[in-house]
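Topology and contacts: notes
As a plain string of letters, each chain reads:
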Amino acid sequence: MVKARSALGVIVAVLSLAPAASAQTRVLTAHAQTASALKCLLDHARDACSTVFAGSARGTATQWLWWNPNKDVELGALVSSEYAGTEAVNAYLTKFLNGRAADVYHVKFGHQEKTFYIVPPGPDGKVHYLRVRQGGPDDERTDLFTYGPG
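Notes on the structure in this doc start here.

Rules of the game
Residues numbered from 1 in each chain as written. Predicted model: local features only at pLDDT ≥ 70, side-chain atom pairs only at ≥ 80, totals over all residues. Heavy atoms only, no water. Buried < 20%, exposed > 50% of the residue type's maximum accessible area, 1.4 Å probe, protein only. Helix = DSSP H or I, 4+ residues; strand = E, 2+ residues; numbered from the N terminus. Pairing = 2+ DSSP bridges. Expected span 1.5 Å × (residues − 1). Contact = heavy atoms within 4.5 Å. Core = buried A, V, L, I, M, F, W, Y, C linked by side-chain atoms within 4.5 Å.

The next thing to look at is the pairing of strand 3 (residues 102–109). Taken across its eight residues, strand 3 has seven buried, putting it largely inside the fold. Strand direction decides the pairing type here: strand 2 (residues 78–87) and strand 3, joined by eight bridges, are antiparallel. Counterpart to glutamate 82 in the pairing with strand 3 is histidine 106. Bridge analysis of strand 3 against strand 4 (residues 113–118) gives six bridges, and the strand direction is antiparallel. From the neighbouring strand, lysine 108 faces strand 4, where its bridge partner is glutamate 113. Between the end of strand 3 and the start of strand 4, which pair antiparallel, lie three residues.

Below, the discussion takes up unusual backbone geometry. With a phi close to 55°, histidine 44 is a non-glycine residue in the positive phi region. Within the secondary structure layout, histidine 44 lies in the loop between helix 3 (32–43) and helix 4 (46–49). One non-glycine residue with positive phi stands out, namely asparagine 98, at about 55°.

In this section: helix 3. Between its first and last C-alpha atoms helix 3 spans 16 Å; for 12 residues at 1.5 Å apiece the expected length is 16 Å, and the two agree. The complete set of buried residues in helix 3 reads Thr34, Ala37, Leu38, Cys40, Leu41 and Leu42. For helix 3, the secondary structure elements touched by its buried residues are helix 4, helix 5 (57–65), strand 2, strand 3, strand 4 and strand 5 (130–134).

A few words now on the environment of leucine 130. With respect to the secondary-structure elements, leucine 130 resides in strand 5. Taking the C-alpha atoms as reference points, leucine 130 and tyrosine 117, separated by 13 residues in sequence, lie 5.6 Å from one another. Discounting chain neighbours no more than four positions away, the residues touching leucine 130 are Leu41, Phe53, Ala57, Thr60, Ala61, Leu97, Tyr117 and Ile118.

Right, let's talk about the nonpolar core for a bit. Residues Leu38, Leu41, Phe53, Trp64, Phe116, Ile118 and Leu130 are the most contacted members of the largest nonpolar core, which totals 21 residues. Of all the secondary structure elements, the ones that give two or more residues to this core are helix 3, helix 5, strand 3, strand 4 and strand 5. Within the second largest apolar cluster, eight residues are counted, among which are Leu93, Ala102, Tyr117 and Val119.

So, about the environment of alanine 88. Summarising the element assignment, alanine 88 is placed in the loop between strand 2 and helix 7 (91–96). Judged by relative accessible area, alanine 88 falls into the partly exposed class, the value being 37%. Expressed as a C-alpha distance, the spacing of alanine 88 and glycine 99, which sit 11 residues apart in the sequence, is 9.1 Å.

This is the structure in structure tokens:
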């Protein structure tokens, strides 16, 4: 019973956040390196871009670099991609990108839309942190709620 009340308290707290408090702060200056990394992913440029991604970003990037026709059918054709801003560190980025600011890109396909979070490359020139999730850039609260606080 206590566990259920705690879970309910967390749910109520998340849902009752004021819109201003949950709004994401984004700076609208894209980094050339993250734009280049996104292009690699969307072009599925496996040979040219396999060395761009390292660390935890490598696994996510591999799904986009090693493409097949089934993925084209699932997503549909690329419709558009646009820079949505550089997002300051918040609860979402702390949970999924080890607390690093990220450039956010909104990508629309024929059947789905995705949001790409790309942390600018480290001193070695490689992208170490990358997240791709379903939905638009403003759907973070829903995604964070789905995966829970821990």
